[in-house]
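Topology and contacts: notes
The primary structure of each chain is shown beneath.
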Amino acid sequence: MPIIRNMDSSDQVRHLWRTADAVCFDVDSTVIMDEAIDEMAKYCGKGDAVAALTKEAMKGSMNFREALAMRLNIIKPSVSQIKSFLQNEPARLSPRIKELVEELHKRRIPVYLISGGFRVLIQPIAQELNIPIQNVYANRLKFYFNGEYAGFDEDEPTSRQGGKGEVIKMLKKTHRYNSIVLIGDGATDLEACPPADAFIGFGGNVVREEVRSRAKWFVSDFKELIDAL
């Protein structure tokens, strides 16, 4: 991480925000207003059981992969259910996220989406924000030939604890970024700094006390980040 002298920790994060080589966003409850797995579970009639597990997973109180597998085994989403869900329940973008991403793109700052959610649900969001599909790092669902749920790809780093940090390390190595800023609402985002050079906590949709108390910069409106560029 670049050494910035004569600044307090909050000022350091703000400086890194203005000078970042790349910006990474969490997706659920950050880029979008909801937790997509919870919304998909509701759509499939399994909402209550999955929401309880999501809440525990976001606190960091259970192993991420275990929580992911447990939730998916409850939902067992088929290809047809996912297509129907995407068509009938499109994701709700968080206020001003589109403007923020547009501003970063104007400044030629690459934007990445790193999520413990599912690529098939995130790709339409990336398209809406003009983020290249190759800049999406998320989990892949697997299906049998008949379209029924068959599990998830355990080789994806985002399917395990610490996976977001692994993705950020890879981005630094591949693209030679000196500084990456990560923005997110949950414990899995907080733990990815380092290797992220700065973490900005987001509470515009839900405030997680651990994140709010430990983030050196915590915002509730993306306008604050736009204004700080």
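Structure report, in brief. Treat the numbers as computed from the prediction; the structure is a model and nothing was measured.

Next up on the list: the overall build of the chain. When helices and strands are tallied, the chain shows 12 helices and eight strands. Here the chain has a C-alpha radius of gyration of 17 Å; the compact-globule value for 229 residues is 17 Å, and the two agree. Along the three orthogonal principal directions, the C-alpha set of the chain runs to about 60 × 35 × 30 Å. The burial tally for the chain puts 51% of its 229 residues in the buried class. At a minimum sequence separation of 6, the contacts of the chain that also span at least 24 residues come to 62%. Of the roughly 11,100 Å² of accessible surface on the chain, 47% is carried by carbon and sulfur atoms. A gap of 4 Å separates the mean positions of the 31 positive and 32 negative side-chain charges of the chain.

As a further point, take the packing of aromatic side chains. Here a ring pair, both rings aromatic, is described through the centre-centre distance and the interplanar angle of the planes. Overall, the coordinates contain five aromatic pairs when judged by the stated rule. Measuring from ring centre to ring centre gives 6.3 Å for Phe25 and Phe222, while their planes differ by 80°; the resulting arrangement is edge-to-face. Taken together, the residues span a long stretch of sequence, with Phe25 in strand E1 (residues 22-25) and Phe222 in helix H12 (residues 222-228) at a distance of 197 residues. Side by side, Phe25 and Phe222 carry an identical accessibility label, which is buried. Between Phe202 and Phe222, the aromatic rings sit 4.1 Å apart at their centres with planes inclined by 0°, giving stacked as the arrangement. Taken together, the positions of Phe202 in strand E7 (residues 198-202) and Phe222 in helix H12 put the pair 20 residues apart, joining distant regions of the chain. You'll find Phe202 and Phe222 in the same group, each marked buried.

The next subject is the sheet that holds strand E8 (residues 218-219). Pairing is parallel across the open sheet formed by six strands, whose spatial order is E3-E2-E1-E6-E7-E8. If you trace the sheet from one side to the other, it starts and ends with strand E3 (136-139) and E8, each paired once. Two strands pair when backbone bridges link them, and E1 and strand E6 (residues 180-184) are joined in this way by four bridges, in the parallel orientation. Its bridge partner lying in E6, Ala22 is registered against Ile180. Relative to E1, helix H7 (residues 97-106) is tilted by about 160°, and along the sheet it contacts E1 and strand E2 (111-118).

Turning to the nonpolar core, a few remarks are in order. Core analysis: the biggest nonpolar cluster contains 52 residues, and Trp17, Phe25, Val31 and Ile183 have the highest contact counts within it. If near-sequence neighbours (up to four positions away) are discounted, Val31 is found in contact with Phe25, Asp26, Leu93, Ser94, Ile97, Leu113, Ile125 and Leu129. Counting residues in each nonpolar core, the second largest holds 17 residues, with Ala22, Ile168, Ile180 and Leu182 among its members.

Turning to the layout of surface pockets, a few remarks are in order. The volume enclosed by the largest pocket comes to roughly 310 Å³. Counting only elements with at least two residues in the lining of the largest pocket, the list comes to helix H2 (27-31), helix H3 (36-43), helix H6 (79-88), E2 and helix H8 (119-128). Here the lining of the largest pocket gets five residues from one element, more than from any other, and that element is H8. A class-by-class count of the residues in the lining of the largest pocket yields 13 nonpolar, two polar and six charged. In this model, the second largest pocket occupies a volume close to 190 Å³. Looking at the second largest pocket, it is lined by 12 residues, and the ones nearest its centre are Cys193, Ala198, Phe199, Arg214 and Lys216. Every element with two or more residues in the lining of the second largest pocket is listed here: helix H1 (9-19) and E7.

Cut-offs and rules
- Residues numbered from 1 in each chain as written.
- Predicted model: local features only at pLDDT ≥ 70, side-chain atom pairs only at ≥ 80, totals over all residues.
- Heavy atoms only, no water.
- Helix = DSSP H or I, 4+ residues; strand = E, 2+ residues; numbered from the N terminus.
- Rg over C-alpha atoms; globule rule 2.2 N^0.38 Å.
- Buried < 20%, exposed > 50% of the residue type's maximum accessible area, 1.4 Å probe, protein only.
- Contact = heavy atoms within 4.5 Å.
- Areas by Shrake-Rupley, 256 points an atom, 1.4 Å probe, with all protein chains shown as cover.
- Lys, Arg positive; Asp, Glu negative; His and termini not counted.
- Charge placed at Lys NZ, Arg CZ, Asp CG, Glu CD.
- Phe/Tyr/Trp six-rings, centres within 6.5 Å; stacked < 30°, edge-to-face > 60°.
- Pairing = 2+ DSSP bridges.
- Axes fitted to C-alpha atoms, helices over the stretch in contact; angles between N-to-C directions.
- Core = buried A, V, L, I, M, F, W, Y, C linked by side-chain atoms within 4.5 Å.
- 1 Å grid on protein atoms, 1.4 Å probe; cavity = no way out; pocket = protein on both sides within 12 Å on 5 of 7 lines; lining within 4 Å.
- Points joined across faces, edges and corners; volume = space filled by probe spheres on them.
- Nonpolar A, V, L, I, M, F, W, Y, C, P; charged D, E, K, R; others polar.

Purely geometric numbers; function is a separate question.
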